[in-house]
Amino acid sequence: MWVLLRSGYPLRILLPLRGAWMGRRGLPRSFAPGPPRRRYRKEALPALEAPVLPVTTTEIRQYLRARGIPFQDGHSCLRAPSPFVGASKLKDQTGAATSFSLFIDKTTGRFLCMTTLAEGSWEDFQASVEGQGDGAREGVLLSEAPEAEDSEEVRRIWDRAIPLWELPEPEEAQLARMMFGLTKVTDDTLKRFSVRYLRPARRLVFPWFSPGGLGLRGLKLLGAETQGGGVQYVETTIPRPGAYHNLFGLPLISRRDVEVVLTSRELDSLALSQSTGLPTLALPRGTACLPPALLPYLEQFRRVVLWLGNDLRSWEAAKLFARKLNPKRCSLVRPGDQQPSPLEALNQGLNLSRILRTALPAWHKSIVSFRQLREEVLGELSNVEQAAGVRWSRFPDLNRLLKGHRKGELTVFTGPTGSGKTTFISEYALDLCTQGVNTLWGSFEISNVRLARVMLTQFAVGRLEEQLDKYDEWADRFEDLPLYFMTFHGQQSIRTVIDTMQHAVYVYDICHVVIDNLQFMMGHEQLSTDRIAAQDYIVGAFRKFATDSSCHVTLVIHPRKEDDDKELQTASIFGSAKASQEADNVLILQDRKLVTGPGKRYLQVSKNRFDGDVGVFPLEFNKSSLTFSIPPKSKARLKKIKDDNGLVAKKPSSGKKGAMPQISDTCSNQARNPNQPDFSKPSR
């Protein structure tokens, strides 16, 4: 559904309604005059460039001491005098250093000068200190100013918007408050936070001011839609989400404040500030990501309370963000019926200060008792669907077996050579990425350009080479996905790959890592001449990373060389049994085209640690869109039927020779009943 704003003012904004897509700026391309216009930007996709050379906190401290630079140890950053500020501003009359305005991230080494807004990498800082360049003084390292078109558009929308209390018709103001749940939020609160209302689009407008209130850097537009029995909010940011680093409410923070409450929505911050009077900030991308660039602004607080929402996903995000912020100073508000989101709590008449006092510390000892876990167990029992993870939209039968995609798990995927493993796993990951799962791809077999081309074709569900006039439209949509690529190709060291993955989790809050494939990392391991031992070590490293980082890892492993007329089993995975033992899920792409003719492929779930359901379901490859899907005319579907012995499977009703089995074993990972027919082979 599209909305065309008609007014005398040349306003251009994004209004995506009910899942429809609109350009980041301007009207829908079908309405826009003339051919689509593409502005090429430097580093349009923030990819991981080259192997990341990690820097440790110890190395940073040693360098600062060697250079005679004083520093203070903070929660997530080191503070030091800024070399980008004049010496007169750094020292008082006695010559003592007074300004520690430079913040250096302990994990990445990136720096930010609060005085000049200069920022850059650890290498940039070293070059500036050693006099190898004064890029920062010349503005090279300064925070990127908004593009001219962005600045012009931001100012135009901001001037067009008006405060809610200045609407000429009281009925319109009351309707707007009801749309956004602001009936109990006062005009004084809206005025303090400089919230405005865009009448033509019926959007709330939240400003992004530069530190110190020196200028307007961006905007977030919020629309409300009724969906089912609730309200769905649609956000639009200028600039794009990847460059929108606004901590909403930051201009109201005083240097003397030592406690802050972080929320995932601006509306929640309004409710919290009004009800409790505490300093509160809203994260720019909600529960999706906490950019490390924001950490320096949170250094002054001794206690940080995260109240991100009322569902299980918000709870998982709060625990993840607490790791970045230093868990020892963080407390988390657990979701529950009596602890909804702040705005809902205000509207329900609940005491928000009392809810904040129930916040639990994020840090605890290595050993815990069930008393400390019982609420988390209750949370999973009360939110079964959310605990099962993110569900696939393109593979409904995969949802029936695996139930969903969960953080902290290891999935092993295998299949015969040439069966389409990379093509399938790219659509498998793309499906999750379109639903907001931040994804990192490590493709060691094919180049990132070819992989991106395949994924873009799958995303557009069609060949773009035959319709190049639509390339920019689909490329813009694809660019907005939370998708990143490692730049490795060919054999790589497992240590280098793990370091890169850890960096990506910290910087981009990656939730899903795809490694294609494991064999390309075995050549660099010098642990032993035994390849089996090297593979076991690599699998163990990925298992540990998935658990420690709460990140799902999908690992592609080639199978052993077996006869073409035999189906692959879990034991067919190359190497020892460690890969299948460490894995939470084992997926096998079965390819029977050599025996039964072309097109006989199906996916087998041979291990499922979450609830034990295993089975198979058919796949059909669509060459025009490079996608796998169940044929719409096929009546074959995943079924779970039990007999007296516990499990049974029926043959396809079509009765055709060579038909693929459509019934799957379920509810157990144990060995097949010897009295049960083997339906892993084609029925005759």
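Look up a bit, the structure's there.
Residues numbered from 1 in each chain as written. Predicted model: local features only at pLDDT ≥ 70, side-chain atom pairs only at ≥ 80, totals over all residues. Heavy atoms only, no water.

What to know about the overall build of the protein chain
Phase 1 of the analysis: Helix and strand content of the protein chain: 20 helices and 23 strands.
Phase 2 of the analysis: Counting only residues that meet the buried cut, the protein chain has 51% of its 684 residues in that class.
Phase 3 of the analysis: If you take every contact in the protein chain between residues at least 6 apart in sequence, the share linking residues at least 24 apart comes to 66%.
Phase 4 of the analysis: Carbon and sulfur atoms provide 50% of the accessible area of the protein chain, an area that totals close to 33000 Å². (Helix = DSSP H or I, 4+ residues; strand = E, 2+ residues; numbered from the N terminus. Buried < 20%, exposed > 50% of the residue type's maximum accessible area, 1.4 Å probe, protein only. Contact = heavy atoms within 4.5 Å. Areas by Shrake-Rupley, 256 points an atom, 1.4 Å probe, with all protein chains shown as cover.)

A closer look at empty space enclosed by the protein
Phase 1 of the analysis: By the definition in use, this model includes two cavities of 30 Å³ or more.
Phase 2 of the analysis: If you go around the second largest cavity, the residues you meet are L306, W307, L308, G309, S314, W315, A318, V333 and P335.
Phase 3 of the analysis: Ranked by the residues each element gives to the lining of the second largest cavity, the list is headed by helix α8 (residues 312–325), at three residues.
Phase 4 of the analysis: Grouping the constituent residues of the lining of the second largest cavity by class yields seven nonpolar, two polar and no charged. (1 Å grid on protein atoms, 1.4 Å probe; cavity = no way out; pocket = protein on both sides within 12 Å on 5 of 7 lines; lining within 4 Å. Points joined across faces, edges and corners; volume = space filled by probe spheres on them. Nonpolar A, V, L, I, M, F, W, Y, C, P; charged D, E, K, R; others polar.)

Structural notes on the packing of aromatic side chains
Phase 1 of the analysis: Summed over all chains, the structure comprises 19 aromatic pairs.
Phase 2 of the analysis: Relative to Y233, the ring of F180 lies with its centre 6.4 Å away and its plane at 15°, an arrangement referred to as stacked. Of the two residues, F180 sits in helix α5 (residues 170–180) while Y233 sits in strand β9 (residues 230–238), which places them 53 residues apart along the sequence.
Phase 3 of the analysis: Since its relative accessible area comes to 25%, Y233 is described here as partly exposed.
Phase 4 of the analysis: On the numbers, 5.7 Å between centres and 75° between planes, the contact of F424 with F628 is edge-to-face. Residue F424 is located in helix α14 (residues 421–433), and its partner F628 is located in strand β23 (residues 627–629); the two are separated by 204 residues in the primary sequence. Across the pair, exposure class does not vary: F424 and F628 are buried alike. (Phe/Tyr/Trp six-rings, centres within 6.5 Å; stacked < 30°, edge-to-face > 60°.)

Side note on the sheet that holds strand β10 (residues 259–263)
Phase 1 of the analysis: Spatially, β11-β10-β12-β13-β14 is the arrangement adopted by the five strands of the open sheet, whose pairing is mixed. Of all strands in the sheet, those with a lone pairing partner are β11 (280–282) and β14 (360–361), marking the two edges.
Phase 2 of the analysis: Pairing analysis gives two bridges linking strand β13 (residues 330–332) to β14, with the strands arranged antiparallel. Opposite L332, over in β14, you have L360 as the bridge partner.
Phase 3 of the analysis: Along the sheet, helix α7 (residues 266–276) contacts β10 and β11; its crossing angle with β11, the most-contacted strand, is approximately 170°.
Phase 4 of the analysis: Set on the sheet, α8 makes contact with β10, β12 (303–306) and β13; between it and β13 the angle comes to about 175°. (Pairing = 2+ DSSP bridges. Axes fitted to C-alpha atoms, helices over the stretch in contact; angles between N-to-C directions.)

Quick look at the nonpolar core
Phase 1 of the analysis: Residues L306, M501, V513, I515 and F542 are the most contacted members of the largest nonpolar core, which totals 67 residues.
Phase 2 of the analysis: Tallying contributions element by element places helix α17 (residues 494–508) first for this core, with nine residues.
Phase 3 of the analysis: Excluding its chain neighbours within four sequence positions, the residues that come into contact with M501 are L440, M486, V513, I515, F542, F545 and V553.
Phase 4 of the analysis: With 37 residues, the next largest nonpolar core counts L398, F413, F424 and W441 among its residues. (Core = buried A, V, L, I, M, F, W, Y, C linked by side-chain atoms within 4.5 Å.)

Observations concerning a nonpolar patch on the surface
Phase 1 of the analysis: Residues F370, L373, V377 and L381 make up a contiguous nonpolar surface patch of roughly 390 Å² in combined accessible area.
Phase 2 of the analysis: Inspection of the secondary structure puts L381 in helix α11 (residues 370–382). (Patch = residues over 30% accessible without salt bridge, like charges linked within 9 Å, V, L, I, M, F, W, Y side chains within 5 Å. Salt bridge = Lys/Arg side-chain N within 4 Å of Asp/Glu carboxyl O.)

Examining the sheet that holds β9
Phase 1 of the analysis: One open sheet accounts for four strands, arranged β6-β7-β8-β9; its pairing is antiparallel. For this open sheet the edge positions go to β6 (196–198) and β9, each flanked by a neighbour on one side alone. Pairs of neighbouring strands in the sheet enclose a mean axial angle of 30°, with direction left out of account.
Phase 2 of the analysis: On top of the sheet, α5 reaches β6, β7 (203–209), β8 (216–227) and β9; it is set at about 85° to β8, its chief contact.
Phase 3 of the analysis: α7 contacts β7, β8 and β9 of the sheet and is inclined by roughly 80° relative to β7.

Considerations on the environment of Q492
Phase 1 of the analysis: Within the secondary structure layout, Q492 lies in the loop between β17 (483–485) and α17.
Phase 2 of the analysis: Here the alpha-carbon distance between Q492 and M522, two residues 30 residues apart in the chain, equals 7.9 Å.

Quick notes on the packing of α14 against helix α15 (residues 448–460)
Phase 1 of the analysis: The N-to-C vectors of α14 and α15 enclose an angle of 60°; their axes lie 10 Å apart at closest approach. It follows that α14 is oblique to α15 by the angle criterion. Judged by the sense of rotation from one axis to the other, the crossing of α14 with α15 is right-handed. In contact with T423, S426, E427 and L430 of α14, α15 contributes L451, V454, M455, Q458 and F459.
Phase 2 of the analysis: Of the residues assigned to the contact of α14 with α15, the class counts are five nonpolar, three polar and one charged. (Parallel < 35°, antiparallel > 145°, perpendicular 65-115°, else oblique. Left-handed = near helix turned anticlockwise from the far one by under 90°.)

Here we look at the pattern of salt bridges
Phase 1 of the analysis: Within this structure, the stated rule accounts for 25 salt bridges.
Phase 2 of the analysis: D480 is paired through a salt bridge with R240; the nearest N and O atoms lie 2.1 Å apart. Residue D480 is located in the loop between α16 (471–479) and β17, and its partner R240 is located in the loop between β9 and β10; the two are separated by 240 residues in the primary sequence.
Phase 3 of the analysis: According to the relative accessible area criterion, D480 is partly exposed, its value standing at 41%.
Phase 4 of the analysis: Between E316 and K319 there is a salt bridge whose closest N-O contact spans 3.6 Å. With E316 and K319 both in helix α8 and three residues apart, this pair spans about one turn of that helix.

Considering the side chain of D268
Phase 1 of the analysis: Mapped onto the elements, D268 comes out in helix α7.
Phase 2 of the analysis: Given a relative accessible area of 1%, D268 falls into the buried group.
Phase 3 of the analysis: A polar contact of 3.1 Å, which involves the side chain of D268, links it to the backbone nitrogen of L343.
Phase 4 of the analysis: Excluding its chain neighbours within four sequence positions, the residues that come into contact with D268 are T263, S341, P342 and L343. (Polar contact = N/O pair within 3.5 Å; in protein donor to acceptor, adjacent residues only side chain to side chain.)

What to know about unusual backbone geometry
Phase 1 of the analysis: The step from I238 to P239 runs through a cis peptide bond, and the omega angle for that step is 5°.
Phase 2 of the analysis: Among the secondary structure elements, P239 is positioned in the loop between β9 and β10.
Phase 3 of the analysis: Residue D516 is joined to N517 through a cis peptide bond whose omega torsion reads 5°.
Phase 4 of the analysis: Here N517 shows up in the loop between β18 (512–516) and α18 (531–549).

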